[in-house]
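Working through the structure, step by step
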Amino acid sequence: MAKIAGLDDIVSLCKRRGFIFQSSEIYGGLASCYDYGPLGVELKNNIKKAWWKAVVQMRDDMVGLDCSILMHPLIWKASGHTDKFADLVTECKKCNTRTRVDHLTEHAEQHTKHISIDEAAAKKQDLSDKVCPNCGKVGQFTEPMPFKLMFETQMGANVDDSMTLYLRPETAQGIFANFRNVLDTTRVKIPFGIAQIGKSFRNEVTTKAFIFRTREFEQAEIEFFCKPGTDEEWYEHWKDARFNWYTDLGLKKDNLRFRAHDPDELAHYAKACLDIEYRFPFGSGDWQELEGIANRTDYDLRQHQRGMRTLNNWFEKKGDLSKIDLKDEAQDYESGPLSYFDDQAKKRYIPYVIEPSAGIDRSALAFLVDAYDEEQVRGEKRNLLRFHPALAPVKVGVFPLVKKDGMPEIARNIYNHLKKYFTCFYDHAGAIGRRYRRQDEAGTPFCLTIDGQTNQDNTVTVRDRDSMEQVRVSTDKLLNHLREKLEV
Ligand code: GAP
């Protein structure tokens, strides 16, 4: 039976083996920001590669994009983030700790719903029997207040021409803003999607559980554009495709489930939304959001069309751009610049959008938790990460059994050859058993040992991380043998 990892096991392994470090640790650390170490960056890159391969490379209906983090502030006005992207928070009068109201009032901390500032003001909450999660005092809370989640920054060197910008809180809006560019420069036809991986930033009130909820994180998002009326079908398609992506990469089915959002939980842009949840080893409910899949309808493209029209009119009148009010100017949306011409039906429409939105850091945490194992081998504890080969930071360890009899030279040659094809690690230090254990803990699927027999028959041992079984493979067949096993 595989050991179920606790969060402490994961944090300790990540630090010990150089997967993940606290940001700015030498200065005492910066809360809820993390750095990926040598093994962590390989894991994260492999997750991104696997996602890109599945959703872009292997599909005929998807193209990629890489947008800037800083964008025109009207993007966020049009998308609704400037006015609506907030959490309702309260402060404990005794210890001054701020907490999200939904985290006090709902059964679990899994809800990530952000609410509009107007909604926040309208929502009357009775917190008289609620307990402060920090100091334990009951009912000592201030009046709930909306807390804006976007980080602001200034662009421009001079005071009079500087502009307030935001660090993007999702990568999605860069895709909507480039919808016309992609239509005009490629031969995509609806249905098609645009995929993007990149950093997002949110000034989260409650950060916790290591890399689960941080203020700087990486998202992998798809905006899939389809004809209105076909949206429910595509929603089902993406639901299955994304669930299978996780299980194909080794996450245990029992640790994954869907959770449909209740109508009152839906984001302001969504007609339907569900989370793919993973059974993380923390929180009162265990099940926590890994990825969200939303039917965003034509909300965003319509909003940007409104934004573009308002801006054009503003140029004529001038005024303070930050005070611009998105007007529902009389316009024919269906013939606007963000509409799509269906050349079979000979008509224009604003496409609907299905959005599968994954978190790379959250996926990394789920893959680490799921792969973690401990077992007893001949009276000793063996720690290992049973990563899928596609995700393993190092694919092959190469070891000379001893540092003599020509073994290091042969091992080096094999290592230099194999590293052209996949990430390898050469190690000649310490007893062979210890070298195996070090690679087990890093999740390396195969280790090769060059021993006395290699000189006689040109074979090496190939040890399997999970079963610890060893087979002899001749050096001229090694590359193909490993490629087949690693599926790379
Ligand atoms: N464009 C839609 C969107 O951003 P979301 O549910 O807010 O939707 C999508 O975020 C995914 O991004 C989440 O399922 C999660 O994996 C990741 N994510 C969101 N906020 C995060 C945070 N503060 N830290 C780490 N990952 C986060």
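Please read these numbers as outputs of a predicted model, since none were measured by experiment.

Quick word on the site of the ligand
Near the ligand there are 21 residues, and of these E170, R202, T214, E221 and E289 occur at the shortest range. Between an oxygen atom of the ligand and a side-chain N or O atom of R202, the distance comes to 2.8 Å. Contact distances for the ligand include 2.5 Å between an oxygen atom and a side-chain N or O atom of E289. Protein coverage of the free-state accessible area of the ligand, which is 550 Å², stands at 92%. Going through the elements one at a time, β10 (216–226), β13 (287–297) and β16 (352–359) are the ones with two or more residues in the shell around the ligand. For the shell around the ligand, the element with the highest residue contribution is β13, accounting for five residues. Grouping the constituent residues of the shell around the ligand by class yields six nonpolar, five polar and ten charged.

Focus: the nonpolar core
I10, F19, Y246, L365, F367, L368 and F387 are the most contacted members of the largest nonpolar core, which has 60 residues in total. Counting residues per element, this core draws most heavily on helix α11 (residues 360–371), at eight residues.

Focus on the pairing of strand β23 (residues 470–474)
Two elements, strand β22 (residues 459–464) and β23, share five bridges in a ladder whose sense is antiparallel. From the neighbouring strand, T459 faces β23, where its bridge partner is S474. Where β22 hands over to β23, the hairpin turn is made up of five residues, of which M468 adopts a positive phi near 65 degrees.

What about the environment of A392?
Mapped onto the secondary structure, A392 falls in the loop between β18 (380–385) and β19 (396–400). Residues A392 and V131 lie 261 residues apart in sequence; the distance between their C-alpha atoms is 43 Å. Not counting the four nearest positions on each side in its chain, A392 is found in contact with N46, F387, G443 and P445.

Notes on the packing of helix α2 (residues 38–57) against α11
The relative placement of two packed helices comes down to the angle between their axes together with the axis-to-axis distance. At their nearest, the axes of α2 and α11 sit 10 Å apart, and the two run at 110 degrees to each other. It follows that α2 is roughly perpendicular to α11 by the angle criterion. Between α2 and α11, the contacting residues are L43, K44, I47 and K48 on the first element and I360, D361, S363, A364, F367 and L368 on the second. Taken together, the residues of the contact of α2 with α11 sort by class into six nonpolar, one polar and three charged.

Digging into the confidence of the model for the protein
Confidence along the protein averages 90 in pLDDT terms, with 91% of residues attaining 70 or more. With pLDDT under 50 throughout, residues 107–112 is counted as low confidence; its partners more than four residues away or in other chains account for 21 contacts.

Quick word on the packing of aromatic side chains
Overall, the coordinates contain 20 aromatic pairs when judged by the stated rule. When the ring of W245 is compared with that of Y246, the centres are 4.9 Å apart and the planes differ by 80 degrees; the resulting orientation is edge-to-face. There is no split in this pair, since W245 and Y246 are both buried. On the basis of an interplanar angle of 75 degrees and a centroid distance of 6.1 Å, the ring pair of W245 and F367 is categorised as edge-to-face. Of this pair, W245 sits in helix α9 (residues 231–248) while F367 sits in helix α11, and the two are 122 residues apart along the sequence.

Looking at the pattern of salt bridges
Within this structure, the stated rule accounts for 39 salt bridges. Here R296 makes a salt bridge to E355, at a shortest N to O gap of 2.7 Å. Of this pair, R296 sits in strand β13 while E355 sits in strand β16, and the two are 59 residues apart along the sequence. Between K381 and E374 there is a salt bridge, and its shortest N-O distance comes to 3.8 Å. Here the salt bridges do not stand alone but share partners, grouping D373, E375, R382, R386, D440, R463, R465 and D466 into one network.

Conventions and cut-offs
- Residues numbered from 1 in each chain as written.
- Predicted model: local features only at pLDDT ≥ 70, side-chain atom pairs only at ≥ 80, totals over all residues.
- Heavy atoms only, no water.
- Near = heavy atom within 4 Å.
- Polar contact = N/O pair within 3.5 Å; in protein donor to acceptor, adjacent residues only side chain to side chain.
- Areas by Shrake-Rupley, 256 points an atom, 1.4 Å probe, with all protein chains shown as cover.
- Helix = DSSP H or I, 4+ residues; strand = E, 2+ residues; numbered from the N terminus.
- Nonpolar A, V, L, I, M, F, W, Y, C, P; charged D, E, K, R; others polar.
- Core = buried A, V, L, I, M, F, W, Y, C linked by side-chain atoms within 4.5 Å.
- Buried < 20%, exposed > 50% of the residue type's maximum accessible area, 1.4 Å probe, protein only.
- Pairing = 2+ DSSP bridges.
- Contact = heavy atoms within 4.5 Å.
- Axes fitted to C-alpha atoms, helices over the stretch in contact; angles between N-to-C directions.
- Parallel < 35°, antiparallel > 145°, perpendicular 65-115°, else oblique.
- pLDDT = per-residue confidence, 0-100.
- Phe/Tyr/Trp six-rings, centres within 6.5 Å; stacked < 30°, edge-to-face > 60°.
- Salt bridge = Lys/Arg side-chain N within 4 Å of Asp/Glu carboxyl O.

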